[in-house]
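What follows is each chain in one-letter form.
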Amino acid sequence: MNTALFGDELLERPRRELSPGAVHVPGWLSLPQQAWITARFHEWSAGPVPLRAASVRGHEMSVRTLCLGWHWQPYRYTREATDVNGARVLPLPEWLARVGRLAVAEAYGQSTEGEDYTPDTALVNFYDESARMGMHQDRDELSRAPVVSLSVGDSCLFRFGNTGTRTRPYEDITIASGDLFVFGGPARLSFHGVMKTFPGTAPAACGLPSGRINITLRVTGLA
Ligand code: SIN
Ligand code: MN
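Remember, predicted model here, so these are calculated numbers, not experimental data. (Residues numbered from 1 in each chain as written. Chains lettered and ligands numbered in written order. Predicted model: local features only at pLDDT ≥ 70, side-chain atom pairs only at ≥ 80, totals over all residues. Heavy atoms only, no water.)

Draft legend 1. Highlighting the coordination of the manganese ion (ligand 2). Coordination of the manganese ion (ligand 2) by the protein involves His 136 (NE2), Asp 138 (OD) and His 192 (NE2), with metal-donor separations of 2.1 to 2.2 Å. In terms of primary sequence, the donors binding the manganese ion (ligand 2) are separated according to H-x1-D-x53-H. (Donors = N, O, S within 2.8 Å, 3.2 Å for Na, K, Ca; no water.)

Okay, here's the thing in structure tokens:
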């Protein structure tokens, strides 16, 4: 069989619901779509608010973040990046909100759910080869609408757990360039984190020679 045509790597990594509401869709973004996201990432990094490592209880995170729509800082959202340079963040582009709607429809089926999904913020994280993210919940949003996660670049070891504790039971999965992960409904407040990235695993055509970009789309519920 022609593996280039039929994508054996996708057959080995089937789409899966880890727990009710938590859906992993490998290879959802095409390589041109991934390269497009990489190019936008470089534009967004030019400002007006630069990529920065947020400080959590006096410790700088190893991940660097930029935001669109609303600016996230521990543990709230503001329009201006008051913990960086005071500038207002860029708006969330309409194409990215549309990607969010398609993602929710992909994860949960072609019900009305995808059509109604209106993310108003994107947290764009960059992981260099030593960056990781400890187990946490995404709970600074007033809305409990799903979180849509898109990844480009190096693969990572992603840990997805339960809503009660940052410890077991959890599951470790590999999230690769182009993968979609959506967590909503009963999984919306599940603890999750990035244990490590795997340097050198990014496909050349994604446009990112090293590191990992992760975009999470969220509904803040703020006005
Ligand atoms: C996050 O939890 O906000 C980011 C998850 C990821 O990088 O995959
Ligand atoms: Mn998170």
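There is more to say after this.
Draft legend 2. Highlighting helix H3 (residues 31-45). With 15 residues, H3 should cover 21 Å at 1.5 Å per step; its first-to-last C-alpha distance of 21 Å lies within 8% of that length. Within H3, the full set of buried residues consists of Gln 34, Ile 37, Thr 38, Arg 40, Phe 41 and Trp 44. Burial along H3 is one-sided: seen end-on, the buried residues are contained in an arc of 165 degrees. Buried residues in H3 make contact with strand E5 (64-68), helix H4 (94-108), strand E8 (121-127), strand E10 (147-153) and strand E15 (212-218). (Helix = DSSP H or I, 4+ residues; strand = E, 2+ residues; numbered from the N terminus. Expected span 1.5 Å × (residues − 1). Buried < 20%, exposed > 50% of the residue type's maximum accessible area, 1.4 Å probe, protein only. Arc of directions from axis to C-beta. Contact = heavy atoms within 4.5 Å.)

Draft legend 3. Spotlight on H4. Between its first and last C-alpha atoms H4 spans 21 Å; for 15 residues at 1.5 Å apiece the expected length is 21 Å, and the two agree. Every buried residue of H4 is accounted for by Trp 95, Leu 96, Ala 97, Val 99, Gly 100, Ala 103, Val 104, Ala 105 and Ala 107. At the exit of H4 stands Gly 109, carrying a positive phi of roughly 95 degrees.

Draft legend 4. Structural detail: unusual backbone geometry. Of note, the amide linkage connecting Gly 47 to Pro 48 takes the cis form, showing an omega dihedral of 15 degrees. Omega for the bond connecting Pro 74 with Tyr 75 falls within 30 degrees of zero, at -5 degrees, which places this linkage in the cis form. Examined against the element boundaries, Tyr 75 turns out to sit in the loop between strand E6 (71-73) and strand E7 (76-78). Phi is positive for Arg 57, close to 45 degrees, though the residue is something other than glycine. By the element assignment, Arg 57 lies in the loop between strand E3 (55-56) and strand E4 (59-60).

Draft legend 5. Local environment of the site of ligand 1. Taken together, the residues surrounding ligand 1 are Asn 125, Tyr 127, Met 133, His 136, Phe 158, His 192, Val 194, Arg 212, Asn 214 and Arg 218. Here an oxygen atom of ligand 1 sits 2.9 Å away from a polar atom, N or O, in the side chain of Arg 212. The contact in question runs from an oxygen atom of ligand 1 to an N or O atom on the side chain of Asn 214, over 3.3 Å. In isolation ligand 1 offers 260 Å² of accessible surface; the protein chains occlude 96% of this area. Ranked by residues supplied to the shell around ligand 1, first place goes to E15 with three residues. Tallied by class, residues from the shell around ligand 1 come to four nonpolar, four polar and two charged. (Near = heavy atom within 4 Å. Polar contact = N/O pair within 3.5 Å; in protein donor to acceptor, adjacent residues only side chain to side chain. Areas by Shrake-Rupley, 256 points an atom, 1.4 Å probe, with all protein chains shown as cover. Nonpolar A, V, L, I, M, F, W, Y, C, P; charged D, E, K, R; others polar.)

Draft legend 6. How the structure looks around the pairing of strand E2 (residues 22-25). What you see with E2 is no split at all: Ala 22 and His 24 on one side and Val 23 and Val 25 on the other are buried throughout. Here strand E1 (residues 16-19) folds back onto E2, and the loop between the two strands holds two residues, one of which, Gly 21, carries a positive phi near 95 degrees. (Pairing = 2+ DSSP bridges.)

Draft legend 7. Geometry of the pattern of salt bridges. Taken as a whole, this structure holds 11 salt bridges when the rule is applied. Between Glu 94 and Arg 101 there is a salt bridge, with its nearest N and O atoms 2.7 Å apart. With a shortest N-O distance of 3.2 Å, Asp 138 and Arg 218 are connected by a salt bridge. Placement of Asp 138 in the loop between strand E9 (133-136) and E10 and of Arg 218 in strand E15 is noted, with a sequence separation of 80 residues between them. Among the ionic contacts, a cluster of salt bridges with common partners joins Asp 138, Glu 141, Arg 188 and Arg 218. (Salt bridge = Lys/Arg side-chain N within 4 Å of Asp/Glu carboxyl O.)

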